[in-house]
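Below are the chains, spelled out letter by letter.
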Amino acid sequence: HHAILAGGCFLKQAVYASIATVFLALVFTGFQGIEYVEAPFTISDGIYGSTSFSATGFHGFHVIIGTISSIICGIRQYLGHFTP
């Protein structure tokens, strides 16, 4: 956001920041998927399993939606749709 407001040569930095954001979101989602596979409990193992999978599932969904939004904004930034 600050790079876009600064304009000029900083517009390229905004694109790089979007790429970094998407990359880190994908890494996080990958680790969450690994955690789901490796978890020693299941959603049907009682209150702990159902609470854990529900909370991390809603958060993971939130991250996936944010990642999609960041990809769209990054593409629009690259195409020059945002100006100071």
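Every value quoted in this text rests on a predicted model; they were computed, and no experiment measured them. (Residues numbered from 1 in each chain as written. Predicted model: local features only at pLDDT ≥ 70, side-chain atom pairs only at ≥ 80, totals over all residues. Heavy atoms only, no water.)

Asker: Quick question: what am I supposed to make of the packing of aromatic side chains here?
Answerer: The geometry of two aromatic rings is summed up by the distance between their centres and the angle between their planes. All chains considered together, the criterion is met by three aromatic pairs. With 5.6 Å between their ring centres and 70 degrees between their planes, F41 and F53 make a pair best called edge-to-face. Placement of the pair is F41 in the loop between α2 (10-38) and α3 (47-78) and F53 in helix α3, with a sequence separation of twelve residues. Site record: aromatic cluster; members linked through ring pairs are Y36, F41, Y48 and F53. (Phe/Tyr/Trp six-rings, centres within 6.5 Å; stacked < 30°, edge-to-face > 60°. Helix = DSSP H or I, 4+ residues; strand = E, 2+ residues; numbered from the N terminus.)

Asker: Would you explain the UniProt feature "transmembrane region" (unreviewed entry) in the protein in this entry?
Answerer: This chain's UniProt record puts "transmembrane region" (unreviewed entry) on residues 14-34 and 54-75. Regarding residues 14-34, the helix share stands at 100% and the strand share at 0%, and the terminal C-alpha atoms are separated by 30 Å. Spanning residues 54-75, this segment combines 100% helix with 0% strand, and its end C-alpha atoms are found 32 Å apart. (UniProt positions renumbered as here; feature names shortened; annotations may be inferred.)

Asker: Looking at this structure, I do not really get the confidence of the model for the protein. What am I missing?
Answerer: It should be kept in mind that the predicted coordinates are not to be read in detail where pLDDT is low. Of the residues in the protein, 100% reach a pLDDT of 70 or more, and the chain-wide mean stands at 88. Per-element confidence in the protein is highest for α3, whose mean pLDDT is 91, and lowest for helix α1 (residues 2-6), whose mean pLDDT is 79. (pLDDT = per-residue confidence, 0-100.)

Asker: Help me understand the packing of α2 against α3 in this model?
Answerer: Between two packed helices, what matters for the description is the angle formed by their axes and the separation of those axes. Contact pair α2 / α3: the axes reach a minimum separation of 9 Å and the direction vectors enclose 155 degrees. Taken as axis vectors, α2 and α3 run roughly antiparallel relative to one another. Once α2 is placed against α3, the crossing between them reads as left-handed. Classifying every residue of the contact of α2 with α3 by side-chain character gives 13 nonpolar, twelve polar and no charged. (Axes fitted to C-alpha atoms, helices over the stretch in contact; angles between N-to-C directions. Parallel < 35°, antiparallel > 145°, perpendicular 65-115°, else oblique. Left-handed = near helix turned anticlockwise from the far one by under 90°. Nonpolar A, V, L, I, M, F, W, Y, C, P; charged D, E, K, R; others polar.)

Asker: Is there a simple way to explain the side chain of Q32 in this structure?
Answerer: Structurally, the position occupied by Q32 is in helix α2. Exposure remark for Q32: the relative accessible area of 11% places this residue in the buried category. Within the structure, Q32 has its side chain in polar contact with the backbone oxygen of T56 (distance 2.4 Å). Q32 has contacts with T56, G57 and G60, leaving out every residue within four places of it along the chain. (Buried < 20%, exposed > 50% of the residue type's maximum accessible area, 1.4 Å probe, protein only. Polar contact = N/O pair within 3.5 Å; in protein donor to acceptor, adjacent residues only side chain to side chain. Contact = heavy atoms within 4.5 Å.)

Asker: What's the story with the UniProt feature "domain: Heme-copper oxidase subunit III family profile" (unreviewed entry) in the protein in this structure? I'm lost.
Answerer: Here, the residues flagged by UniProt with the feature "domain: Heme-copper oxidase subunit III family profile" (unreviewed entry) are residues 1-84. Within residues 1-84, the helical portion is 79% and the strand portion 0%, while the C-alpha atoms at the span's ends are 9 Å from each other.

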